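# Coordinate analysis (summary)
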Amino acid sequence: MEMSWSIMARFREIGRHQSYSKVQVSSFQPPLSSNCHTPPLSTMSITDSHYDILIVGAGIAGSALAHALSNLPSYRRPLRIALLERSLAEPDRIVGELLQPGGVIALRQLGLEWTLEGIDAVPVKGYCILKDGQQVHIPYTEGHEGRSFHHGKFVMRLREAALKAKGVDVIEATVTELIEDPHDAKRIIGVHAKTTTEGGEPEKVQYLADLVVIADGCFSNFRTAVMGASGFKPVTRSHFVGAVLEDVTLPIPQHGTVALVRGSGPVLLYQISEHDTRILIDVQQPLPQDLPAHILTNIVPQLPESLHAAVRTAIAKDRLRRMPNSFLPAVEQNGHSCKNGILLLGDAWNMRHPLTGGGMTVALNDVVLLRDQLISMPDFRDAKRVNQALKAWHWARKPLSSTVNILAFALYDLFGAEDDLLEVLRAGCFAYFERGGECVDGPVSLLSGVAKSPYLLFTHFFSVAFYSLYCLFTRPRLVTPSPSSSSSQKSKSTLHPTSKSTSQPTSKPTPPNPTYITPTPLQYPFLALQSLRVFWAAILVFGPLLWSEIRWWSPSDTRRRNRVVAFAVLPFVAAVGFVGAVVLKTWSLQAELFPELAVRGVGVGSA
């Protein structure tokens, strides 16, 4: 805590003591766009120097990038970098607290692995999945480990790294607008921001830079201004409702725990410090009006009994907080409506469901790849070179980002399944993991961000699909409870505690035992038809997700879409034209060489 306060005080001191010079600039009024403006600057305070790179947002991606770009090869001139953040106080979020082994590897490549020290981080060695009173252990492969921690403590360590980096100015300021080049409205040359003077008075400041990086998170204020019609709008499918449990023991220590519950999305638990464990409950839209009652009535009874008292205490003690689980596919940032001189990074550009904890891993890997693209660039003002680098970066990140993005929503669709067909896939997925060996090692290497292979993901996903069909014919299945017994089923804790309980035992009515039936040969024809529907459901889950990663343009970008369609159709049209030309030439030669046949209308083949 003392470290955090000292770092925060240093950040605020730097933010207040930036030296500015008042500059009179002639006014001009170029075309305006949302969050993008160039007003008269007669009263504008302008920084006394020009930055090479300006980063908006000192979160995970922004702070890591500032540090990464400061460590350039010795043959290059050191960059001047500005890192702007609205508040340099320690953030408090309920997500971004589990870093997969792939993210730890990326930190090591950036020379930032030390930021995981001194924040009470907990090693993460794999996952434990709970379903209907059973559990399956999914350890990371080859001794890899992740880390879980309080989000704010990790961010403060990354900001500390940026603060120590050569040539980086960490500034507490709220960015309000992007500044367009007066001679080229498509180019961004800086930002307007609000800061505070030494006397505590608000002041509007202009920061100029050759290249601007927007890393202001999932609620980005500048996503639309940067991408224009070339961008996507985030789609929210559910919310994570979070709380902190105190002094609980998870089924397998130092493992993330995923509980599959009926009537709701999955529940995720992982330890974030010596005494604190985060619980995240996926609640689908529309959200219940009384969230605490919904959780206590429908979710808690299905969790291990050892957690019940801690969950009730957390709900009674603290306010439940929620975060949207959004989907935002990444598209190329060099479309016709995109701004030049600026780029998006992190959740401002690409988001996936946080179930797999892959967001920070993707962001840090993006920083590694973006650093490698930018350090070889002689001039950040060269829009053509920058756009070429952005295109190369977009495709270089695909092996990891597409794997994590597809896997996150594919698992969410299966783990949160309420549809009967998806329930077959969910049961098959759990049974697939129970097989162990490569059935665990392959998927967990993808989940951890160690294996960067969409093809491996494709093979395992459809292996799960086919194994689900096998289980449909061979394994007993749970009979759906009747409405009369649904109330008693809700009160049943379907997941057995595997650790010592921290709550006092209470008397409960004995719930009815679940009933399972094994398919008979007479049911095989019906199951064969159902298996086709199940396989089609698997395609409907995986196909759109795969397409969202292959497609590099937004559906709203009609210009680029039409160009892609034209290039796709052109080879077909050319082939048809070629065949037609060959046929016409054959007829003309036939008329010249065999005029008697042409008069009678007989073709060469029939002759």
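Residues numbered from 1 in each chain as written. Predicted model: local features only at pLDDT ≥ 70, side-chain atom pairs only at ≥ 80, totals over all residues. Heavy atoms only, no water.

## With respect to the overall build of the chain
Within the chain one finds 17 helices and 21 strands. Across the 607 residues in the chain, those meeting the buried criterion constitute 51%. Counting contacts in the chain only where the partners sit at least 6 residues apart, residues at least 24 apart contribute 78% of the total. Counting every atom, the chain has about 27,600 Å² of accessible surface; 58% of that belongs to carbon and sulfur. (Helix = DSSP H or I, 4+ residues; strand = E, 2+ residues; numbered from the N terminus. Buried < 20%, exposed > 50% of the residue type's maximum accessible area, 1.4 Å probe, protein only. Contact = heavy atoms within 4.5 Å. Areas by Shrake-Rupley, 256 points an atom, 1.4 Å probe, with all protein chains shown as cover.)

## Brief notes about the sheet that holds strand 5 (residues 98-99)
Whenever strands of a sheet pair, they do so through backbone hydrogen bonds, lying parallel or antiparallel. Read from one edge of the open sheet, three strands run 5-9-6, paired in antiparallel fashion. Two strands lie at the open edges of the sheet, namely strand 5 and strand 6 (122-124), each paired on one side alone. Bridging between strand 5 and strand 9 (residues 146-148) involves two bridges; their strand directions are antiparallel. Looking at the pairing, L99 lines up with R147 of strand 9. (Pairing = 2+ DSSP bridges.)

## Observations concerning the pattern of salt bridges
Counted under the stated rule, the structure contains 21 salt bridges. Between E145 and R147 there is a salt bridge, with the nearest N and O atoms lying 3.2 Å from each other. Across the pair R237 and D413 runs a salt bridge whose closest N-O atoms are separated by 2.7 Å. In this pair, R237 is assigned in strand 14 (residues 235-246) and D413 in helix 10 (residues 398-415), connecting sequence segments 176 residues apart. A network of salt bridges, in which partner residues are shared, links K131, D132 and R262. (Salt bridge = Lys/Arg side-chain N within 4 Å of Asp/Glu carboxyl O.)

## Describing the nonpolar core
One recurring pattern in soluble globular proteins: nonpolar side chains tend to sit buried together. Counting 142 residues, the largest nonpolar core has L84, Y207, L345 and F415 as its most contacted members. Residues V248, I252, V261 and V311 belong to the second largest nonpolar core, which totals 26 residues. (Core = buried A, V, L, I, M, F, W, Y, C linked by side-chain atoms within 4.5 Å.)

## A closer look at the packing of helix 10 against helix 13 (residues 454-474)
One way to put it is that helix 10 packs onto helix 13 with a least axis distance of 9 Å and a crossing angle of 20 degrees. Between helix 10 and helix 13, the crossing angle belongs to the class labelled roughly parallel. Every residue of helix 13 that contacts helix 10 at P399, S402, T403, I406, L407, A410 and L414 is listed here: P454, L457 and F461. A breakdown of the residues in the contact of helix 10 with helix 13 according to their chemical character gives eight nonpolar, two polar and no charged. (Axes fitted to C-alpha atoms, helices over the stretch in contact; angles between N-to-C directions. Parallel < 35°, antiparallel > 145°, perpendicular 65-115°, else oblique. Nonpolar A, V, L, I, M, F, W, Y, C, P; charged D, E, K, R; others polar.)

## Looking at helix 12 (residues 438-447)
Most of helix 12 is tucked away: eight of the 10 residues are buried. Within the span of helix 12, buried status applies to C439, V440, G442, P443, V444, S445, L446 and L447. Looking at the packing, one finds that the buried side of helix 12 touches strand 7 (126-131), strand 8 (134-139), helix 10, helix 11 (420-434) and helix 13. Directly beyond the C-terminal end of helix 12, a positive phi value near 80 degrees is found at G449.

## Considering the sheet that holds strand 7
Strands sit in the order 8-7-15-16-17-14-18 across an open sheet of seven strands; the sheet is mixed. The sheet is open, and its two borders are formed by strand 8 and strand 18 (321-327), each paired with just one other strand. Within the sheet, the average angular offset between the axes of one strand and its neighbour, ignoring direction, is 20 degrees. Where strand 14 and strand 17 (residues 276-284) come together, nine bridges link them in antiparallel fashion. Residue pairing in the sheet places V244 in a bridge with R278 of strand 17.

## Observations concerning the side chain of H151
With respect to the element layout, H151 can be found in helix 4 (residues 151-164). You can call H151 buried: its relative accessible area is 5%. Beyond its immediate sequence surroundings of up to four residues, H151 is in contact with I60, P91, R93, V95, G96 and E97.

## Comments concerning the environment of L411
By the element assignment, L411 lies in helix 10. Owing to a relative accessible area of 13%, L411 belongs among the buried residues under this scheme. Taking the C-alpha atoms as reference points, L411 and H353, 58 residues apart in sequence, are found 9.4 Å from one another. Sequence-distant contacts of L411, defined by excluding residues within four places in its chain, comprise L355, T356, G416 and C429.

## Here's the deal with empty space enclosed by the protein
Going through the model one piece at a time under the given rule, you end up with five cavities of 30 Å³ or more. Quantified by volume, the largest cavity comes out at close to 290 Å³. Forming the walls of the largest cavity are 22 residues, and the residues nearest its centre are L407, L411, C429, F433 and P443. Elements with a minimum of two residues in the lining of the largest cavity: strand 7, helix 10, helix 11, helix 12 and helix 13. If one sorts the elements of the lining of the largest cavity by residue count, helix 10 sits on top with five residues. Its residues placed into classes, the lining of the largest cavity shows 20 nonpolar, two polar and no charged. Size it by volume and the second largest cavity reaches roughly 50 Å³. The residue makeup of the lining of the second largest cavity, split by class, is eight nonpolar, one polar and one charged. (1 Å grid on protein atoms, 1.4 Å probe; cavity = no way out; pocket = protein on both sides within 12 Å on 5 of 7 lines; lining within 4 Å. Points joined across faces, edges and corners; volume = space filled by probe spheres on them.)

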